Amino acid sequence: MSGANQQQAPNQQKARELTQLRERAAQVWSEGALRLVFERSPDAILLLDDGVFIDCNEAAVEMLHAVGKDELLSLSPSDLSPAIQPDGTLSSTKVQQMIAVALERGSHRFEWLAKRRNGSEFPVEVLLTAIPFQERQILCVIWRDISRRKEAERELSKSREAEDAFRAGQGRVLEMIAQGVTLSEVLASLVTLIEAQSEGMICSVLQLSEDGKHIRHGAAPHLPKIYVEAVNGAPIGPKNGSCGTAMYRGEPVIVTDMLTDPLWEDYSELAKLSGLRACWSTPIFTGQGKVLGSFAMYYREPQAPTGSESRLTEVATHIAGIAIEHERAHNELQHTRSELAHVARVTTMGELAASIAHEVNQPLGAIVGNADICLSWLQEKEVDLKQVAEALEDIASDGHRASQIISRIRSLVKKHVPEKSPLNLSDITREVIRLVGHEAQRKQVTIHSQLGESLPAVEADRVQLQQVLLNLVMNGIEAMHETDANRRQLTVRTMMSDGSVLAAVSDRGTGIEPAKAEQLFKPFHTTKAGGLGMGLAISRSIIESFGGKLWAESNAGGGAIFSFSLPARSQEIQ
Amino acid sequence: MTEKPPVVIVVDDDDSFRNFLSRLVSTIGLKTVPFDSAEAFLAAPPPDCPACLVLDVQMPGLSGLDLQRVLTRASRPLPIIFTTGHGDIPMTVEAMKAGAVGFFSKPFRNQDMIDAIKEGIARDRETRKQLDELAEIQARYDSLTSREREVFAHVTEGALNKQIAHQLGTSERTIKAHRAQVVQKMKADSVADLVRMADRLKISPQKGAKSAP
């Protein structure tokens, strides 16, 4: 059948070709040509017979820095490795294991740390092949130097680690912002992080003042102090160094040599004095594109950007922008909060107006009356100077008293920036009770106070803390409007509780429904005809701003208890 | 017997204000009796001389207005002059309605206070005179027998002897004798005088009858 013949013909052809190939190979082998593979291989090849080197190639001599083939063959295998391999095993032990594997499987490939004759170590990839010879097993050892590959791997992992560290650093700075760490600390950390990414580079962040005309210090932990101080407060403009110009133009300004660049004409002396030569500045923008400040990279030698810095600049300006915007929003909020607190204070003082007038008029009444008496005495023929002096002394002391009352009230009414200081809650409570004494009398309320002695101090703003207490006490008095006059009692206590200092104001008013207790703290919630409904909301935000809590609960004996707690400082104040 | 010198009682919780009032009162040659609270004043014996009270409206404990309410119920209501650091209209109205001599907001003119004190003392002097007279009439009344008191009551009601005799179940002559006795003991000039005395004593026939032993 022609089909079968046609199929058989190519197979026969192939077999013939194969035979020819084998004959040619046998010829090559017999002539020893392949021995050159051994001799000229760039990999080191050694033959090991029963633990002794019997042959090696030139590459082996070269790789191990041996004087010659003879020297190499005179060595024992243990001379070619350090005592311990990088994985911690003894080289001698590991060699035995590797050989065992090779004998079992026929060959075995693994990485090894080898040692040159001069003692230097280098990584190799080893291929062990077992060769049967006269009923023995000869081992063919092929070493390939993998120093370069290892080096490249190390470089790669190093740059990956650096990248990871840089990202982690960015995360840490963002976390600081979220935690409300001060802006100068945040920016200093950011600058230090960026500087760590490139050798010889010094960085700074500057802010643009609120009026948009002046430079304000931001962070420059590694720039010379004299330079930082000179720049702080300097105006921005079209020719005002790198940063002042970058903020003015709203675009990056690259100055490769500060001593020759016209933008630095007015500041070159400062640059020289500070040992700075190159300054590349990039503006920092808000999300809406308004300039907030600038980020700058400085070098001590003239230098132009290589392009690799652009990513660092991008990260720095982005994070600095977030930090500065966050700070400004925070300040804005603080300002609004303190304005609101002030309004609430003034409103409360308005409610107290009658009592305040009473308290001030008390000494004024005596002053005016005594002065009148003195005047009429002085018109008499014989003046009893001793009498006059006594009356004048009384006038003076009442004058002081009136002024103290007024300054006490003034401190509550005037605007001020809240400031934390260590305070004794019992003292503050006493002051507030004195302030509302007349008001309580007018409303026929008796105030009982149980104030803890030697309580630890709390960190808060005096005026704001007085305001909170004043608010709670006034609310308590108001709450008993419909209570029988002989039951109108307000109890004010201060004490320690679970490491906090606590103040509690209990009234005997109508009380609060537990379900509605939280509603009381919502802004504009009011039960009073003339109230703003801000008192409790503001009081709570004040207490929370000092790390404390403010809450309301029902009084077991009828009425309500309003309490707040503030963290106790470790040492008490005297 | 000459009258005892008048005093000004000052009730105020403010030390310096009390001192000032003492000084002011001394310029018109009077003495003050100071108290720092309404309670302290109530605990002390009442003055047995013409007096007036200078009272602070707002004090811890009993307020000035509270004290006024207590005093108006007394047999000899002392004239009160109020002082206050800050007075409002309802407070002033309440005080004045209850018979206060004056109501002063601090600071005030010394002369106004002196005038008020003088008026207060004059009022108290008058009250004391009235009370003395009443005590005298009461003493005379107390000297009447129970029958005479009955007759006294009926006479001041305007009843005729005949009517009284009928009422008390006795003769007109007997009544006539009692009546002469009453007029003499009460030192009355006329029936009209007797009526005035009865009025002061708040005597009526029923009361007369009831008070009979």
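Up top you'll find the structure we're talking about.
The model shown is predicted, which means the values in this text are computed figures rather than measured ones. (Residues numbered from 1 in each chain as written. Chains lettered and ligands numbered in written order. Predicted model: local features only at pLDDT ≥ 70, side-chain atom pairs only at ≥ 80, totals over all residues.)

1. Some thoughts on the overall build of chain A
Each helix and strand in chain A was counted, giving 16 helices and 17 strands. By residue count, 32% of the 574 residues in chain A fall in the buried class. A sequence separation of at least 24 residues applies to 59% of the contacts in chain A between residues at least 6 apart. (Helix = DSSP H or I, 4+ residues; strand = E, 2+ residues; numbered from the N terminus. Buried ≥ 20, exposed ≤ 12 C-beta atoms within 10 Å, placed from the backbone. Contact = placed C-beta atoms within 7 Å.)

2. A closer look at the overall build of chain B
For chain B, the count of helices and strands is 10 helices and five strands. Counting all 213 residues of chain B, 35% fall into the buried class. Within chain B, residue pairs in contact and separated by at least 24 positions form 64% of the contacts whose partners lie at least 6 positions apart.

3. Focus on the packing of helix H11 (residues 310-351) of chain A against helix H13 (residues 385-413) of chain A
All names here are of chain A. Contact pair H11 / H13: the axes reach a minimum separation of 8 Å and the direction vectors enclose 140°. It follows that H11 is oblique to H13 by the angle criterion. Contacts from Arg345, Val346 and Met349 of H11 reach H13 at Ile409, Leu412 and Val413. A breakdown of the residues in the contact of H11 with H13 according to their chemical character gives five nonpolar, no polar and one charged. (Axes fitted to C-alpha atoms, helices over the stretch in contact; angles between N-to-C directions. Parallel < 35°, antiparallel > 145°, perpendicular 65-115°, else oblique. Nonpolar A, V, L, I, M, F, W, Y, C, P; charged D, E, K, R; others polar.)

4. Details of the interface of chain B and chain A
In this complex, chain B contributes 16 residues to the contact, which on the side of chain A involves 21 residues. In terms of residue count, the dominant contributor to the side of chain B that touches chain A is helix H1 (residues 15-26) of chain B (six residues). Looking at side-chain class alone, the side of chain B that touches chain A contains six nonpolar, seven polar and three charged residues.

5. A look at the pairing of strand E16 (residues 549-554) of chain A
Residue and element names in this part refer to chain A. Relative to strand E17 (residues 560-567), E16 runs antiparallel, the two sharing six bridges. The residue of E17 that forms the bridge with Glu553 is Ile561. Following E16, the chain reverses through five residues before pairing antiparallel with E17; Gly558 in that reversal takes a positive phi of roughly 90°. (Pairing = 2+ DSSP bridges.)

6. So, the sheet that holds E16(A)
Residue and element names in this part refer to chain A. With mixed pairing, the five strands of this open sheet are ordered in space as E12-E14-E15-E17-E16. In this open sheet, the two edge strands, each paired with only one partner strand, are strand E12 (446-451) and E16. Sheet twist, expressed as the average angle between the axes of neighbouring strands with direction ignored, equals 15°. With seven bridges connecting them, strand E14 (residues 489-497) and strand E15 (residues 500-506) associate as antiparallel partners. Each bridged residue has a counterpart across the sheet, and for Thr491 the counterpart in E15 is Ser506. Sitting on the sheet, helix H16 (residues 535-545) is in contact with E16 and E17, with an inclination near 135° to E16.

7. Notes on the nonpolar core
Ranked by size, the top nonpolar core spans 49 residues in total, and within it Leu187(A), Leu190(A), Ala320(A) and Ala323(A) carry the most contacts. Ignoring sequence-local partners within four residues, the contact set of Leu190(A) consists of Val173(A), Val205(A), Ala316(A), Ile319(A) and Ala320(A). (Core = buried A, V, L, I, M, F, W, Y, C linked by C-beta atoms within 7 Å.)

8. Overview of the pairing of strand E4 (residues 80-84) of chain B
Residues and elements named next belong to chain B. By the criterion of burial, E4 is predominantly enclosed, with five of the five residues buried. Burial of the side chains of E4 extends over both faces: Ile80, Phe82 and Thr84 are buried on one face and Ile81 and Thr83 on the other. Direction of pairing for strand E3 (residues 51-56) relative to E4: parallel, over a ladder of four bridges. Considered in E4, the bridge of Asp56 is made with Thr83. For the segment spanning E3, helix H3 (residues 64-72) and E4, crossover handedness is right-handed. Bridge count for E4 against strand E5 (residues 102-105) is four bridges, and the pairing is parallel. Within E5, the residue paired with Thr84 across the bridge is Ser105. (Right-handed = clockwise from strand over helix to strand, strands pointing away.)

9. Observations regarding H3(B)
Residues and elements named next belong to chain B. Those residues of H3 that sit buried are Gly64, Leu67, Gln68 and Leu71. The buried residues of H3 occupy one face: seen down the axis, they fall within an arc of 105°. Of the surrounding elements, those touching the buried residues of H3 are helix H2 (38-43), E3, E4 and helix H4 (89-97). (Arc of directions from axis to C-beta.)

10. Description of unusual backbone geometry
Of note, the bond from Lys106(B) into Pro107(B) is cis; its omega dihedral lies within 30 degrees of zero at -10°. Position of Pro107(B) relative to the elements: it lies in the loop between E5 and helix H5 (110-142). Located in the positive-phi region is Asp50(A), a residue other than glycine, with phi close to 55°. Residues other than glycine seldom take positive phi values, yet Gln444(A) does so here, at roughly 55°.

11. What to know about the packing of helix H12 (residues 353-378) of chain A against helix H14 (residues 425-442) of chain A
Residue and element names in this part refer to chain A. Contact geometry for H12 and H14: axes closest at 8 Å, N-to-C directions at 110°. By the angle between their directions, the pair H12 and H14 is classed as roughly perpendicular. Crossing angle aside, the handedness with which H12 passes H14 is right-handed. Between H12 and H14, the residues in contact are Ala354, Ser355, His358 and Glu359 and His438, Glu439 and Arg442, respectively. Its residues placed into classes, the contact of H12 with H14 shows one nonpolar, three polar and three charged. (Left-handed = near helix turned anticlockwise from the far one by under 90°.)

12. Some remarks on the sheet that holds strand E1 (residues 7-11) of chain B
All names here are of chain B. With parallel pairing, five strands are arranged side by side in an open sheet as E2-E1-E3-E4-E5. Where the open sheet ends on each side, the last strands, each with one partner, are strand E2 (31-35) and E5. On average, adjacent strands in this sheet sit at an angle of 20° to one another, irrespective of strand direction. Where E1 and E3 come together, five bridges link them in parallel fashion. Bridge pairing links Ile9 to Leu53 in E3.

13. Quick notes on the environment of Val52(A)
All names here are of chain A. Tracing the backbone through its elements, the reader meets Val52 in strand E2 (residues 52-56). What makes Val52 exposed here is the crowd of 12 C-beta atoms within 10 Å. For the pair formed by Val52 and Ser76, sequence separation is 24 residues and the distance between their alpha carbons is 6.6 Å.

Worth remembering: the numbers are spatial, not functional.
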